[in-house]
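Take a look at the letters that make up each chain.
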Amino acid sequence: MCIRDRKETTGTELVMVFQPTKGLVHPNHLPATSPVPFSWNVARKNYADALMRFRQAGLVVPDLTPLLDEETREDAFFFKRDHHWTPYGARRTAEVVAERIKDMPAYQSLSQQEFVTRRSGLIRKDGSLQDAVKRICGFEYGSQYVDEFRTESSGTGQSAEASALFGDQDLPPITLVGTSNSKGAQDYNFVGALQEFLGVEVLNVAVAGGSYDGSMFEYLLSDNFRESPPKIMIWEVPGYHNLDSAEFYRQVTPMISGACESQEPVLQKTTPVKAGTTEVLYNGGGQFIEMPSNEYVVDLQFSDPGVKEVDAFIWYVFGRKDRVDMEYGDRVETPGRFVFELPEGPNWNDEMFMSLDLALKPEQVSEGLTVTTKICRRQDI
C-alpha cells in the first residue's frame, strides 16, 4: 500500500493498527436476541480476513485477534457507553503492536531508552452512547470512572544519554497518526504505552475528530514529514472504517512522494479564484502536450490555508470528464494544499489531459484568493 510502496523515497515503513470493534472484543455484552442477526464467529473470521488482505497489500499489520473475547482480561477493553477504548484497551493493544514492531528490521537500528508508566488519577467518562441515550430517551446513566496513566522517560538508555550530551534536536524515529483514541480531550495513554513497550520515543500527531484520514493528511503535508520522515509510521484506524474511498488513495499516494515538490512541472499557472467554478489550467494555446492520464499528478496550493474543501473537474481531449471531491475536516490543519493523481486503469490510460476546473463554495473563498496549479509526472512509474 501507499507508504510501503514509497519506502525507497521516504525510508518510512507503515504499521497499520486496525482496531477490532466493540462487539468483537466484548461479545458477552451483546443481547442474546436481536432484530439484526449477529454471528461472532463470522465477524471474527471477517476481521481476520481483513487483516490478511492488508498484509497482502504490503502493510505491516499486527495480529490483534488475540484481543477478541480475551478470557484473562483484567478490565474492560472499551468504555461501557462509549466507542473509545479504555486506558487498559489502549495499553493491551500497544503491547501487541510493540511485539510486532520489534520484529521489523527498521526497529533494530533505533536507539533505546527506558520509559516508566504511572497512575496519574481518574478519567470520568460519560460517553457518546450515553449522550445518545440522553438525547433520545431523556435520561442518563451514571458516569464511568477508570484509572488514568502517564508515561515518562526515566532518563536512562542510549537515546536518553545521547540527548543529554548533544541536545535532542531530531524528531522521534516513530510517528503515530490516528484518531481520538490516540490523542483527544482525554488521554488513554496509547502513545505512552507504545513508548514503554518499544523503548523508543513516539511523535503523536493524531487528530481528534479527523476520521481515519485527517491526521494522515495533516502530517504528510507538514514540514516535519517532508524534512524528517520517520523510520516507522503507526496508523491507528478504528475497525468501523471500511477504507473504500477512492479519493483518499488518489490523494495520499502523491502526498508521500511529494507530488511536484522535487521536479519541474509540465504545466503551471497562478489564477484568481472566485466562488463557483474557475478554470485554473489549460493544455493548449498552440502548445498542446500529450499527457496520458495515468502518468500525471495535480498539485494545488491556495494562497489561503483556510481552504479545506474543493471539487476538481478534469477534462480530457475527447470530452471525457473526471471529478475528485477533496475535503479536510475542520480540526485538520493543512497549508491550503491539495494533491491528487489523475485517474488510471484500462479505461483511462489513453485519455489525454486537456484542462482543470475547480469549484469552491462561497464560504471557502476569501478576498484576493489565488491558487497555483501544477501538473507533473507521477514519481511511481
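If you're wondering where the values come from, they're calculated on a predicted model, not measured in any experiment. (Residues numbered from 1 in each chain as written. Predicted model: local features only at pLDDT ≥ 70, side-chain atom pairs only at ≥ 80, totals over all residues. Heavy atoms only, no water.)

Side note on the sheet that holds strand 7 (residues 267-272)
Taken in spatial order, the four strands make up an open sheet running 7-14-9-12, and their pairing is antiparallel. Each end of this open sheet is capped by a strand with a single partner; those strands are strand 7 and strand 12 (337-341). Put simply, the sheet's adjacent strands are angled 15° from each other on average, direction ignored. Bridge analysis of strand 7 against strand 14 (residues 370-377) gives six bridges, and the strand direction is antiparallel. Of the residues in strand 14, the one forming a bridge with Leu267 is Ile375. In this fold helix 12 (residues 246-257) packs onto strand 9 (296-302) and strand 12, with an angle of close to 105° to the strand it touches most, strand 12. (Pairing = 2+ DSSP bridges. Helix = DSSP H or I, 4+ residues; strand = E, 2+ residues; numbered from the N terminus. Axes fitted to C-alpha atoms, helices over the stretch in contact; angles between N-to-C directions. Contact = heavy atoms within 4.5 Å.)

Notes on the pairing of strand 14
Alignment of strand 9 against strand 14, held across seven bridges, turns out to be antiparallel. Looking across to strand 14, one finds that Phe302 is bridged to Val371.

Let's talk about the environment of Asn189
In this structure, Asn189 sits in the loop between strand 4 (174-177) and helix 9 (190-198). As a C-alpha pair, Asn189 and Pro66 span 123 residues in sequence and 21 Å in three-dimensional space. Once residues within four sequence positions are removed from consideration, Asn189 is found in contact with Thr117, Phe149, Arg150 and Thr151. A polar contact of 2.9 Å, which involves the side chain of Asn189, links it to the side chain of Thr151. (Polar contact = N/O pair within 3.5 Å; in protein donor to acceptor, adjacent residues only side chain to side chain.)

So, the packing of aromatic side chains
What describes a pair of aromatic rings is the distance from one ring centre to the other and the angle between the planes of the rings. Following the criterion strictly, the structure yields 15 aromatic pairs and no others. Both rings, one in Trp235 and one in Phe248, keep their centres 5.8 Å apart while their planes meet at 25°; by these two values the pair is stacked. Taken as a pair, Trp235 in strand 6 (residues 232-238) and Phe248 in helix 12 lie far apart in primary sequence, 13 residues in all. Judged by centre distance (5.0 Å) and plane angle (75°), the rings of Phe248 and Tyr249 are edge-to-face. Members of the aromatic cluster, each reached through a chain of ring pairs, are Tyr212, Phe217, Trp235, Phe248, Tyr249, Phe302, Tyr328 and Phe338. The lysine or arginine in question, Lys125, covers the ring of Phe79, its NZ or CZ lying 5.5 Å from the ring centre. Geometry around Trp348 places Arg320 over its ring, the cationic atom sitting 3.7 Å from the centre. (Phe/Tyr/Trp six-rings, centres within 6.5 Å; stacked < 30°, edge-to-face > 60°. Lys NZ or Arg CZ within 6 Å of the ring centre and 35° of its normal.)

Observations regarding helix 5 (residues 87-101)
With 15 residues, helix 5 extends 21 Å between its outermost C-alpha atoms, agreeing within 8% with the 21 Å of an ideal straight helix rising 1.5 Å per residue. With 11 of its 15 residues buried, helix 5 lies for the most part within the structure. Every buried residue belonging to helix 5 is among Pro87, Tyr88, Gly89, Ala90, Arg92, Thr93, Ala94, Val96, Val97, Ala98 and Ile101, and all of these are buried. (Expected span 1.5 Å × (residues − 1). Buried < 20%, exposed > 50% of the residue type's maximum accessible area, 1.4 Å probe, protein only.)

A word on the sheet that holds strand 6
Sheet architecture is open: four strands sit in the order 1-6-4-5, paired in parallel fashion. On the outer flanks of this sheet lie strand 1 (13-19) and strand 5 (202-204), each paired with one strand and no other. For this sheet, the mean inter-axis angle between neighbouring strands, taken without regard to orientation, is 20°. Sheet topology places strand 1 next to strand 6; seven bridges connect them, and they run parallel. Bridging across to strand 6, Phe18 finds its partner in Val237.

Regarding the state of the cysteines
For the structure shown, the criterion picks out one disulfide. Residue pairing for Cys260: its cysteine sulfur links by disulfide to Cys376, the two sulfurs lying 2.1 Å apart. With the S-S bond torsion at -100°, the cross-link from Cys260 to Cys376 turns out left-handed. Taken together, the residues Cys260 in the loop between helix 12 and strand 7 and Cys376 in strand 14 connect sequence positions 116 residues apart. A relative accessible area of 3% places Cys260 in the buried class. Overall, Cys376 belongs to the buried group, its relative accessible area being 0%. (Disulfide = S-S within 2.5 Å.)

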